[in-house]
Each structure stands twice: as C-alpha cells, then as structure tokens.
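In case you want the letters, here they are:
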Amino acid sequence: MLVQQTITEFRGQFRGTVFVPGDAGYEDARKVYNAMIDRKPALIAQCNDAADVIAAVRMAKANTLRVSIRGGGHNAAGLGVCDDGLVIDLSPIRYVRVEPSSRTVRVGAGCRWSDVDHATHAFGLAVPSGIISSTGVAGLTLGGGMGHLTRKYGLTIDSLLAVDMVLADGSFVVASMEQNEDLFWAVRGGGGNFGVVTSFLFEAHPVHTVCAGPMLWNLEDAGVVMKWYREFITQAPEEMNGFFAMMTVPPGPPFPEELRLRKMCAIVWCYQGSTEEANAILRSIRTYRPPAFEHVGSMPFPMLQGMFDGIYPTGLHWYWKADFFNELSDGAIAKHLEHASRLPTWHSTMHLYPMNGKVHRVSESETAFSYRDAVWSEVIVGVDSDPANREKIIQWARAYYDALHPFGAGGAYVNFMMEEGEDRVRATYRGHYARLAAIKAKYDPENFFRVNQNVRPAALGDDDLHVAPH
Ligand SMILES: Cc1cc2nc3c(=O)[nH]c(=O)nc-3n(C[C@H](O)[C@H](O)[C@H](O)COP(=O)(O)OP(=O)(O)OC[C@H]3O[C@@H](n4cnc5c(N)ncnc54)[C@H](O)[C@@H]3O)c2cc1C
C-alpha cells in the first residue's frame, strides 16, 4: 500500500502523468488492447522521457512495488499492466526520426507501428514489423517481430541497431553491437526481461509501393491450397511474402455479399516489386486453384500495414495459442481443416507466418530468438466482442492447439503466448535459456522486471545455467 506522501513526492519528480485509483483518467489508462484483461494497478506512470522512467524505477524499487512495462498495450496476455503494482507506461514517448542518408530510424518506445510506417514511407523506407499497425513497436520488437517483410528482411530484431535502456537499478545504458553486447543479444528476442527500453534505433529498407492483399478460397479447397502453399512459399522469391489464414469473411466491403460470414481460407500476399512481376509469380495458383475472391493490387506499404486495423479495434476479447513448426505435414493439414470448420466467431482466426528466407540466414547464436530453424510460426486466436463468448473462444483455441501441438517444433513465439508458465518459456528459448538467465542475473538479479514471459535470473551455483561465452 503506497502512502500519500510517497505519491506526492513521486509526482514532484515526474514530468509525465501519474494516475492512482479514483483519478479521472485512471480507468482509461489501465485498459489494454485485450478486453479480457482487467487489472488494477496501484499507480500508472505515463513517462515523458528517460528521466521519468528512471524516477519510476527508483520509486518502485524503494517501495518494493511489482512493475509492468507498457509500450503499445497490445500484448494478448496483458503483460503491459499488473494488479496492485506500478505500470511504467511509455505511450507519451512517441516520436520517429528518420535519417535518410544512413537509412536509420530512431523510434520512441511509446510508438505504434503506424507511426513508424508513416514517417519512413515519406523516404521510401520501411522497418519490418507485424501485420496490424496499431501494435506497439516495443513489445513486438523485443519478442522478435514477424510480418509482411520477414522473408526478405528477417525479423524486426534483425534490423535493430541499438536500444536506450533503463535498468533495474535505475541506471541508463545503451545496448548495441559496440556497447553492452550481451544485453543487446538478450533484448533481441528476450522480451521485457532486462530493463525498460526508452528508444530503438533501426535500420530501414527500401520499401515503397507493394503489390498486396488477400486471396480467398472456399474451405473445401483449403487442403489443396495449403499443400500448394507449403511448397510455394519456401521456394518463392524472398520479395514475395504470404501468410496463410483460416478465417471467416468479414461482414462488409470489399467482400461480396454472398461470401460474407462464410468460413474460408486465405493467403495475404505482399510482393515488393511491380504488379506485373507479382502476377507472373502468382499465376500458378490463379490457374491451379482460382480464388473465390481476391483483393490484390498495388498500394503504398502503409496501406497494407493498416489493412486489418479496422477489423480488429481495441476492446475485443482475445485468447491465443501458438507453436513453431518445421513442416506442414498432411497430418497437420487434416487437423487444420477439422478445427477451421469450427471457427467459433467471425473474428477468430488461425495464421501461419512463413519464417524462411532472411530469418534462416541469420545465425541462431546471433540473437536470443531461438527458433531460426522453424519454417512456420502459427497462432490460433479466439476473438470476440462479447464477453459472454469467453469460454467458447478459449475452448476452441485450446482444442485447435492440442490437435496441432504434436506436429510442432516444441516452443512458440513469445509474442503469441498467453501466461503459460515457466516450462513453456523454457521450451521457447530452449538452448538460449541458460544464457538469457545468466544475462538476467547480471542486469536484473532480483527479477525486478518479472511481468513478462519471465526468464528467472540464474542463481550462483545453478549448474544447469552455466553458459559458455559466445
Ligand atoms: C492484433 C494483434 C496483431 C499482432 N500481430 C503481430 C504480428 O503480425 N507480428 C508479431 O510479431 N507480433 C504480432 N502481435 C503480437 C505483438 O508483438 C505482442 O502482442 C507485443 O507484446 C505487443 O507489443 P506492445 O508494445 O503493444 O505490448 P505491451 O502490452 O505494451 O507490452 C508487452 C510486453 O512487452 C514488454 N515491453 C513493452 N514495452 C517495453 C519497453 N519499452 N521496454 C521493455 N519491455 C517492454 C514488456 O514485457 C511488456 O509486458 C500482434 C498482437 C496483436 C494484439
């Protein structure tokens, strides 16, 4: 329980906004993207700058408060917010500075990807991110980051050059290949375990207009299309990205009325090049199994990035399950067909993101992301606007996951997981867990930052946690 004097003193050192329960704005400030999450922090500190973050960390430490770190607030497990503790909310730190001559971008830790896409597009550049532009830069990057540019440019962390961070003792550091190299290795996949990132420095890539959009097929064709896709996407030019989806057609334009609310499968393409080249590459599927509907065409990259934002606004109820896969076997495809036919609500979906190309060319030892050999990242998401459907979407996602998990590689992408316990986190970091735990022990020995997919600090003498230097 915080005493009034502590809060008053903290407000005095702080330039941003502080909310405690009962304040006007507290209720809005504690809400996150997933409406299933309903946590009541003791204090929310919306930080204006690194100095505010330092003050917040020191205050939490002095008062032994639990701390969560919030970037864009999109984490499905709600890890940006905590009960009874302090939320270090970076949302006011929202700036993007593009340096076109070096093709680098400095991004404040409160940015959404739409901020970055907007700023970089003016220079014909982009940073690889995800598929929904309202997602936070911070959480997505620290977990790895996969989306429309993954096959060509790799994970988001493969374009990360440096971070500014506030550590658990309140000190400020830069982590990069030149400074605090171990910390830089850890934050590239290790999530929010090591400190509060206040800014990111990215390399940007020449991306401007893309030929992109979804192709849809009836569910009866899904098996054939999936088998075609598993061969195609592992051999296609890396400029061509396409993620596979089991979905229900949204009830509005551009979808034709006769298809609306029908369960279908889809591939969402993104080709970095001309429409003519894209058409030549996609001719094989258009002739082999013509889609029932398609909305593929030339568009500015930010338009693709925001294409699904309207379908998935803040405030829906979400439940996720995920796995990595090395192959998409006939047996796995049969299970996909079975569970896709039971999509419980029209927002619910299953996505398979391809992870080959550049992701595989970066050595596994280079970053903390430990599944570079995986070919697919699967996420099964039960989503609905009605809280009454909570159990329905959870049960569907779990049953789908249980059926596919035996075909999987063992772990899952941390950013697609709910709070699933230490075994799941260990499975996800597998051979890298020991090194992460050792780095955690160096930078956060008391596990001050533990509201995350937590890596516990290696205890001195923990035999299983001794690591060979890389
Ligand atoms: C609709 C939707 C679509 C998505 N699509 C994709 C996708 O295409 N590709 C993909 O890779 N992921 C995707 N994700 C997953 C996304 O990467 C994670 O949910 C991620 O955690 C969101 O980051 P955030 O900053 O918005 O989250 P928050 O909830 O704000 O934070 C999540 C966690 O990240 C850490 N964190 C956040 N900010 C900081 C910081 N400044 N310093 C240190 N740690 C921090 C903390 O551990 C925190 O608990 C999607 C999520 C949603 C909801």
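Rules used in this analysis
- Residues numbered from 1 in each chain as written.
- Predicted model: local features only at pLDDT ≥ 70, side-chain atom pairs only at ≥ 80, totals over all residues.
- Pairing = 2+ DSSP bridges.
- Helix = DSSP H or I, 4+ residues; strand = E, 2+ residues; numbered from the N terminus.
- Axes fitted to C-alpha atoms, helices over the stretch in contact; angles between N-to-C directions.
- Contact = placed C-beta atoms within 7 Å.
- Near = placed C-beta within 6 Å.
- Nonpolar A, V, L, I, M, F, W, Y, C, P; charged D, E, K, R; others polar.
- Domains from an automatic or database assignment.

Caption draft 1: Layout of the sheet that holds strand S9 (residues 172-176). Pairing is antiparallel in the open sheet, where 5 strands are placed in the order S5-S6-S10-S8-S9. With one partner strand each, in any of the chains shown, strand S5 (96-99) and S9 form the two edges of the open sheet. Between one strand axis and the next, the sheet turns by 15° as a mean value, whatever way the strands run. Across 5 bridges, strand S6 (residues 104-108) lies against strand S10 (residues 196-203) in antiparallel orientation. For Arg 106, the partnering residue across the bridge sits in S10 and is Leu 201. Together, strand S8 (160-166), S9 and S10 form the strand contacts of helix H3 (residues 50-62), whose direction differs from that of S8 by roughly 50°. Helix H4 (residues 113-121) contacts S5 and S6 of the sheet and is inclined by roughly 30° relative to S5.

Caption draft 2: Inspection of the site of the ligand at higher detail. Lining the immediate surroundings of the ligand are 36 residues, of which Gly 72, Gly 130, Gly 136, Gly 139 and Gly 192 lie closest. For the shell around the ligand, the secondary-structure elements that each account for two or more residues are strand S3 (67-70), helix H5 (137-143) and S10. Considering every element that reaches the shell around the ligand, the biggest residue donor is H5, with 5 residues. Its residues assigned to classes, the shell around the ligand comprises 17 nonpolar, 18 polar and 1 charged. The residue makeup of the shell around the ligand includes at least three contributed by each of domain 1 (4-89) and domain 2 (96-206).

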